[in-house]
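# Working through the structure, step by step
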Amino acid sequence: MTNIQMEDSWKINLKDEFEKEYFSKLVSFLKTEKEKGVIIYPPGKNIFHAFNTTNWDKVKVIILGQDPYHKKGQAMGLSFSVPPGVLLPPSLKNIFRELKSDLNITLPNHGDLSHWAQQGVFLLNAMLTVEEKKPGSHKKIGWQNFTDAVIKTLSDKKENLVFLLWGNFAKNKAKLIDESKHLILQAAHPSPLAGGAFFGCKHFSKTNEYLINHKQTPIDWQT
């Protein structure tokens, strides 16, 4: 566990997972793939970027993605986010469109969501790695065991979190969350493939309303 590049507060709360067989196999798989010259995203130092940007104690909102972006330069370890200077992916464009409609947020000229993460928006992908140009390629290597445990641990140990579950894949994770002490907001995926069904969900204003009602600072969604 000592060589996992993850902020200490998360290591403490997830320590049991690092000792499990699936996690050892996961680390071995990634190491072997890298030795074979397989290109994997995000870069190793950013695999746990979401954990290192949003301290355990600061988590207020969870936005669950599925896969990291699989093209060069896009994945940065935060769900839906891309580094400055990278063309906005279609799903992120639609997220920003909904923000404009919901809260009259000025459309940004970049897709870096680090500002959200620093305020307590935990931008978690269910799979933390992917092979270049092969979406879903790491779906069965063990990451879901880990991220399911992350979601359940957050639900069990914290109170008054907001979980934003977009699309059927994310909605299936609702069973891991205790709805009696957290807010679960579900919507269609922001991808254009959902035919615009994401629009009008007003998840951003609903999130802030819930946070305020539970005496927490609302999120500044302007990036």
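Here, the structure is the one placed above.
Worth saying up front: this structure is predicted, and the values here are computed from it rather than measured.

What counts and how
- Residues numbered from 1 in each chain as written.
- Predicted model: local features only at pLDDT ≥ 70, side-chain atom pairs only at ≥ 80, totals over all residues.
- Heavy atoms only, no water.
- Pairing = 2+ DSSP bridges.
- Helix = DSSP H or I, 4+ residues; strand = E, 2+ residues; numbered from the N terminus.
- Axes fitted to C-alpha atoms, helices over the stretch in contact; angles between N-to-C directions.
- Expected span 1.5 Å × (residues − 1).
- Buried < 20%, exposed > 50% of the residue type's maximum accessible area, 1.4 Å probe, protein only.
- Arc of directions from axis to C-beta.
- Contact = heavy atoms within 4.5 Å.

### A short note on the sheet that holds strand S6 (residues 183-187)
Two strands in a sheet stick together by hydrogen bonds in their backbones, pointing the same way (parallel) or opposite ways (antiparallel). Pairing in this open sheet of 4 strands is parallel, and the strands run S3-S2-S5-S6 from one edge to the other. Bordering the open sheet on either side are strand S3 (121-125) and S6, each of which pairs with just one other strand. Across this sheet, the average inter-strand angle for adjacent strands is 20°, counted without regard to direction. Where strand S2 (residues 61-65) and S3 come together, 5 bridges link them in parallel fashion. Looking at S3, one finds that Gly65 is bridged to Asn125.

### Focus: helix H3 (residues 21-35)
Compared with the 21 Å implied by 1.5 Å per residue over 15 residues, the 21 Å span of H3 between its first and last C-alpha is a close match. Taken as a whole, H3 has its buried residues at Tyr22, Phe23, Leu26, Leu30 and Glu33. Summarising the axial view, the buried residues of H3 lie within an arc of 100°, below the 170-degree limit, and thus occupy one face. Exposed and facing more than 90 degrees away from the buried side of H3 are Glu21, Lys25, Lys31 and Glu35.

### Observations concerning the environment of Gln5
Along the chain, the position of Gln5 falls in the segment before helix H1 (8-13). Through-space distance from the C-alpha of Gln5 to that of Ile47 is 8.4 Å; in sequence the pair is 42 residues apart. Dropping the residues within four chain positions of it, Gln5 is found in contact with Gly44, Lys45, Phe48 and Asn52.

### Considerations on the pairing of S2
Burial of S2 is extensive: 5 of the 5 residues sit out of reach of the surface. Residues of S2 alternate between two faces, with Val61, Ile63 and Gly65 on one and Ile62 and Leu64 on the opposite face, all of them buried. Inspection of the sheet shows S2 paired to strand S5 (residues 162-166) by 4 bridges, in the parallel sense. Across the sheet, Ile62 pairs through a bridge with Phe163, a residue of S5.

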